[in-house]
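Geometric and topological summary
Letter by letter, the chains look like this.
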Amino acid sequence: MNTEVVQLDPTHLDPVVLRRAAGLLRAGRLVAFPTETVYGLGANALDPTAVRGIFWAKGRPATNPLIVHITDEAQLTKVVASWPPIAHQLAERFWPGPLTLVVPKNPVLPDEVTAGGSTVAVRHPAHPVAQALIQAADVPIAAPSANRSTEISPTRAEHVLKSLGGRIDLILDAGPCPAGIESTVVDLTEDCPRILRPGPITLPMLKATLGPISIIPFASEAPNAPARSPGQMARHYSPRTPLILVTAEQKDCVISNLRDERRNYISWKFPSDPAQAANQLYDVLHRLDEQGYEAILIELPPDTPDWVAVRDRLLRAAQQEQ
Ligand code: TXA
Ligand code: MG
């Protein structure tokens, strides 16, 4: 299959390109598109065959459910069975934006999307291209990050092409994604809301909206514990080059060891602002991974609420294949 890459200016959307991309989605094909977090690999969420195509293209285990992207009430209604008051409250505050809410699934939604589960993860993205594409297709769009399973997530169209070229029909290229890491996932199906995946919407931001309602913070799961969020495998977002994470105190000692071993390594220091670091994280990993080093050395940011999402992605990226 030939994968076409078409450029789209997010400030001047070309209706001809959008109509074509929407037509492909409605015909059951796969289209990668930018969101404010990372590029997504989209398929019509109501078409089980199209959704199976996503799992095939990514090499994703069928047990890992997908996020459904919507832009209006009518699409939301097709996806969810109920919309609890907390969902309403969070969506009012953070949608459109990088927050995914897990709620009971509408029975008409194919089981392929939710990996047979009774809940669905749903989000209204903020990126103008994502919004225009979903509106033009006029169906809810299932979209995981547009990378092969366990590899680094894509924040540029060229990352998508490198990973999925030849396996999907079209990539809409609207330049780099502003947030740079995946949405925060919050489960609303238990008594207390629970953060399943940390992301751009942080615990303090959620707390400020929920007020007295307590929220269970993200907790890194032990590698062998049964996963609450099936996609949170220990190894994820990984470059092929071994990634070594160090604390500020360990750094000098690790570097002198690498030198003794004559290993050809590259060291990367993050910007001190967590949002800027998130914006650069995957792009930096993609670039360093291509440069033939024997190791990538990164200083782990501090264990504070602002850095939870970046630390989570780094810790997973550093896991070696088991
Ligand atoms: O920012 C994002 O969320 C991007 C863009 C494209 O929207 N999408 C994304 O999708 O990161 P993906 O498939 O790479 O990650 C979805 C995460 C996985 O960890 C998955 O297990 C979890 O959401 N998830 C999906 N449905 C779920 C459900 N019903 N219950 C619990 N977790 C769910
Ligand atoms: Mg992913």
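Thresholds applied
Residues numbered from 1 in each chain as written. Chains lettered and ligands numbered in written order. Predicted model: local features only at pLDDT ≥ 70, side-chain atom pairs only at ≥ 80, totals over all residues. Heavy atoms only, no water. Helix = DSSP H or I, 4+ residues; strand = E, 2+ residues; numbered from the N terminus. Rg over C-alpha atoms; globule rule 2.2 N^0.38 Å. Buried < 20%, exposed > 50% of the residue type's maximum accessible area, 1.4 Å probe, protein only. Core = buried A, V, L, I, M, F, W, Y, C linked by side-chain atoms within 4.5 Å. Phe/Tyr/Trp six-rings, centres within 6.5 Å; stacked < 30°, edge-to-face > 60°. Lys NZ or Arg CZ within 6 Å of the ring centre and 35° of its normal. pLDDT = per-residue confidence, 0-100. Contact = heavy atoms within 4.5 Å. Pairing = 2+ DSSP bridges. Axes fitted to C-alpha atoms, helices over the stretch in contact; angles between N-to-C directions. 1 Å grid on protein atoms, 1.4 Å probe; cavity = no way out; pocket = protein on both sides within 12 Å on 5 of 7 lines; lining within 4 Å. Points joined across faces, edges and corners; volume = space filled by probe spheres on them. Nonpolar A, V, L, I, M, F, W, Y, C, P; charged D, E, K, R; others polar. Left-handed = near helix turned anticlockwise from the far one by under 90°.

Quick notes on the overall build of the protein chain
Along its length, the protein chain carries 11 helices and 13 strands. Computed over its C-alpha atoms, the radius of gyration of the protein chain comes to 19 Å, within 12% of the 20 Å expected for a compact globule of 322 residues. Viewed in the frame of its principal axes, the protein chain has a C-alpha envelope of about 60 × 50 × 35 Å. Here the protein chain holds 322 residues, and the buried ones make up 53% of them.

Overview of the nonpolar core
Leu41, Leu90, Leu99, Leu101, Ile168 and Leu206 are the most contacted members of the largest nonpolar core, which totals 46 residues. Of all the secondary-structure elements, those providing two or more residues to this core are strand 3 (40-44), helix 2 (48-58), helix 3 (73-79), helix 4 (85-94), strand 5 (99-104), strand 6 (119-123), helix 7 (157-164) and helix 8 (203-210).

Some points on the packing of aromatic side chains
Under the definition given, this model contains 2 aromatic pairs. Taking the centre distance of 5.6 Å and the plane angle of 35° together, the rings of Trp83 and Trp95 count as tilted. Of this pair, Trp83 sits in the loop between helix 3 and helix 4 while Trp95 sits in the loop between helix 4 and strand 5, placing them 12 residues apart in sequence. We classify Trp95 as buried; its relative accessible area is 13%. The residue whose ring lies beneath Arg167 is Trp56, and the NZ or CZ to ring-centre distance is 4.5 Å.

What about the confidence of the model for the protein chain?
In this model, the protein chain carries an average pLDDT of 94, and 94% of its residues clear a pLDDT of 70 or more. Of all secondary-structure elements in the protein chain, the lowest mean pLDDT belongs to helix 9 (residues 251-260), at 92, while strand 4 (residues 67-69) reaches the highest, 99. pLDDT under 50 marks residues 222-227. Its contacts with residues more than four places away, or in other chains, come to 1 contact.

Comments concerning helix 2
Along helix 2, the positions that sit buried rather than exposed are Ala50, Val51, Gly53, Ile54, Phe55, Ala57 and Lys58. Buried positions along helix 2 lie against strand 3, helix 5 (111-114), strand 7 (141-142) and helix 7. Looking one or two places after helix 2, you find Gly59, whose phi comes out positive at around 65°.

Notes on the environment of Leu206
Its place among the elements puts Leu206 in helix 8. In this structure Leu206 comes out as buried when scored by relative accessible area, which is 0%. Taking the C-alpha atoms as reference, Leu206 lies 37 Å from Gly165; in sequence the two are 41 residues apart. When neighbours within four sequence positions are excluded, Leu206 is seen to be in contact with Leu90, Phe94, Leu99, Thr184, Val186, Ile195, Ile201 and Ile215.

With respect to the sheet that holds strand 10 (residues 194-197)
Strand order in the open sheet formed by 10 strands is 1-8-2-3-7-4-6-5-9-10, and the pairing between neighbours is mixed. The sheet is open, and its two borders are formed by strand 1 (4-7) and strand 10, each paired with just one other strand. As paired elements, strand 2 (residues 31-33) and strand 8 (residues 170-173) share 2 bridges and run parallel to each other. Considered in strand 8, the bridge of Val31 is made with Leu170. Its contacts with the sheet put helix 7 on strand 1, strand 2, strand 3 and strand 8, and the angle it makes with strand 8 is roughly 165°.

So, the pairing of strand 6
Burial of strand 6 is extensive: 4 of the 5 residues sit out of reach of the surface. Where strand 5 and strand 6 come together, 4 bridges link them in antiparallel fashion. Looking at strand 6, one finds that Pro104 is bridged to Thr119.

Describing the sheet that holds strand 12 (residues 265-268)
The 3 strands lie next to each other as 11-13-12, forming an open sheet whose pairing is parallel. With partners counted over all chains shown, the strands left at the sheet margins are strand 11 (243-246) and strand 12, one partner each. Averaged over all pairs of adjacent strands, the angle between their axes in this sheet comes to 25°, without regard to strand direction. As paired strands, strand 12 and strand 13 (residues 295-299) are joined by 4 bridges and run parallel to one another. Within strand 13, the residue paired with Ile266 across the bridge is Ile296. Its contacts with the sheet place helix 9 against strand 11, strand 12 and strand 13, and it is angled at close to 170° to strand 13. Together, strand 12 and strand 13 form the strand contacts of helix 10 (residues 274-289), whose direction differs from that of strand 12 by roughly 165°.

Regarding the layout of surface pockets
Volume-wise, the second largest pocket comes out at about 510 Å³. Around the second largest pocket, the lining is made up of 29 residues, and of these Pro198, Pro305, Asp306, Val308 and Ala309 lie nearest the centre. Among the secondary structure elements, those contributing two or more residues to the lining of the second largest pocket are helix 8, helix 10 and helix 11 (308-317). Examining the composition of the lining of the second largest pocket, we find that 6 residues originate from one element, helix 11, more than from any other. Partitioned by chemical class, the residues of the lining of the second largest pocket number 21 nonpolar, 4 polar and 4 charged.

Quick notes on the packing of helix 4 against helix 8
Contact geometry of helix 4 with helix 8 gives a least axis separation of 10 Å together with a crossing angle of 115°. Between helix 4 and helix 8 lies a crossing whose hand is right-handed. Residues Ile86, Gln89, Leu90, Arg93 and Phe94 of helix 4 pack against Met205, Leu206, Thr209 and Leu210 of helix 8. A per-class count over the contact of helix 4 with helix 8 returns 6 nonpolar, 2 polar and 1 charged.

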